[in-house]
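Here is how the chains run, residue by residue.
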Amino acid sequence: MNQRTPDDGQPTDDDVVPRPGLTYFVGRHIVAPLLRLVYRPKVIGTRNVPKHGKIILASNHLSFIDSLVIPMTAPRRVQFLAKSHYFEGTGLKGAISRSFFTAIGAVGVKRGAGQAAQEALEQSRRIIDTGAAFAVYPEGTRSLDGRLYKGRTGIGWLALTTGAKVVPVGLIGTAEVQPVGAKFPRVRPITIAFGEPIDVAHYGSADSGRARRQATDEIMAAIHALTGQELAGTYNESPPANTVERVKRALRPERL
């Protein structure tokens, strides 16, 4: 994402969180109500989402449509990261993709491990520090078997670094609406539950690996209380491709 910077070299708020335009207005005020009319989702606990100030919405992740469901039902504008290639296409298809992801509050970012993962966290921090509501999936990627996987400590780092409270979000039934591999969504019952805000500041500094882990575990426990999913007890990631990758994971047990 191209960023303009002021004299101090830091990205401006408009660069980090683009101002809502016509596309967002149409998505929020026209498309979202129509989708709610069709799917009639059961929404619980919207009063738990503060109307103002920095907040992190931490959700389980079962389907592609999760990134539609959360902005559609949250009581305030929500931002989240999406793969940058959704914004980089050309022609009519590229324009449609950019408009769609802009409408649902997405911000493009390069995805990956190592440095790319840290840069994504920094981008997330900048968005939260503007006072936005920011949505994240602590599991890192969709659960293909419906279980709730171990949370990556990036969520703990974000909460401890920004001082934002975390609202756990439990999604139920979205995997039935659009299972992995399905091209089009189906009409199925879904539930979206917003839990009570969590303040993880008492765990200590974001520089502490223990603090990040404890904060993350409390957040994941709150998500589990909302969804009742079976706990996987492991990280949601593909098997190591080779011996080098296995060694790296053994030496770096913490996942961002």
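Thresholds, definitions, all that
Along every chain, residues carry numbers that run from 1 in the direction the sequence is written. Local features in this predicted model are restricted to residues whose pLDDT is 70 or higher, and side-chain atom pairs enter the listing and the counts only when it is 80 or higher, whereas totals over whole chains, interfaces and linings include all residues. To obtain the side-chain values, all non-hydrogen atoms of the structure were used and water was disregarded. Buried, partly exposed and exposed residues are distinguished by accessible area as a fraction of the type maximum, computed with a 1.4 Å probe on protein chains only: under 20%, between the cut-offs, and over 50%, respectively. Numbering of helices and strands starts at the N terminus; helices are DSSP runs of H or I of at least 4 residues and strands are runs of E of at least 2. Contacts are residue-level and defined by heavy atoms, with any inter-residue pair within 4.5 Å sufficient. Side-chain atoms alone can form a polar contact between residues adjacent in sequence; in general such a contact is a pair of N or O atoms within 3.5 Å, and within protein one must be able to donate a hydrogen while the other accepts it. Patches here are clusters of residues that have more than 30% relative accessible area and form no salt bridge, with a 9 Å joining cutoff for like charges and a 5 Å cutoff for nonpolar side chains (Val, Leu, Ile, Met, Phe, Trp, Tyr). To be clear on the numbers: accessible area is Shrake-Rupley with a 1.4 Å probe, and residue cover counts the displayed protein chains and nothing else. Should a side-chain nitrogen of Lys or Arg be within 4 Å of a carboxyl oxygen of Asp or Glu, the pair is scored as a salt bridge. As a per-residue quantity, pLDDT reports the predictor's confidence and falls between 0 and 100.

**Student:** Could you give me a rundown of helix α6 (residues 154-162), with the residues and numbers involved?
**Tutor:** For α6, the buried fraction is high: eight of the nine residues fall into the buried class. For α6, the set of buried residues is Gly154, Ile155, Gly156, Trp157, Leu158, Ala159, Leu160 and Thr162. Positive phi appears at Gly163, one or two residues downstream of α6, with a value of about 80°.

**Student:** I'd like to hear about the environment of His61, residue by residue, with values.
**Tutor:** The residue His61 is located in the loop between β2 (55-59) and α3 (66-73) in this model. Residues contacting His61, with those up to four places away along its chain left out, are Asp66, Tyr137, Glu139, Thr141, Arg142 and Ser143. A distance of 2.8 Å separates polar atoms of two side chains, one belonging to His61 and the other to Asp66.

**Student:** Which residues make up a nonpolar patch on the surface, and what values do they have?
**Tutor:** Judged by side-chain polarity, Phe25, Val26, Ile30, Val31, Leu34, Leu35 and Leu37 come together as a nonpolar surface patch covering roughly 590 Å² of accessible area. Judged by its relative accessible area of 30%, Val26 falls in the partly exposed class.

**Student:** Could you give an account of the environment of Phe101, with specific residues and numbers?
**Tutor:** The residue Phe101 is located in helix α4 (residues 91-103) in this model. Along the sequence, Phe101 and Phe80 sit 21 residues apart, while their C-alpha atoms lie 10.0 Å from each other.

**Student:** Kindly report on the confidence of the model for the chain, identifying the contributing residues and their values.
**Tutor:** Mean pLDDT over the chain works out to 83, with 76% of the residues at or above the 70 mark. Across residues 1-9, where pLDDT falls below 50, the model places 20 contacts with residues more than four positions away in sequence or in other chains.

**Student:** Quick rundown of unusual backbone geometry? Include the residues and the values.
**Tutor:** For Arg40, which is not a glycine, the phi torsion comes out positive at approximately 45°. Mapped onto the elements of the fold, Arg40 is located in the loop between α2 (22-39) and β1 (42-44).

**Student:** Any details on the environment of Gly195? Residues and values, ideally.
**Tutor:** With respect to the helices, strands and loops of the structure, Gly195 is situated in the loop between β7 (191-194) and α8 (209-227). Distance in space between the C-alpha atoms of Gly195 and Thr46 is 8.4 Å, their sequence separation being 149 residues. Among all residues touching Gly195, those that are not within four sequence positions of it are Asn48, Val167, Pro168 and Leu226.

**Student:** So what's going on with the side chain of Asn60? Which residues, and what values?
**Tutor:** Among the secondary structure elements, Asn60 is positioned in the loop between β2 and α3. Taking the relative accessible area as the measure of exposure, Asn60 reaches 0% and is therefore buried. Here Leu171 takes part through its backbone nitrogen, which lies 2.7 Å from a polar atom of the side chain of Asn60. If we ignore the near neighbours within four places in the chain, the residues touching Asn60 are Asp66, Tyr137, Glu139, Leu148, Val169, Gly170, Leu171, Ile223, Thr227 and Gln229.

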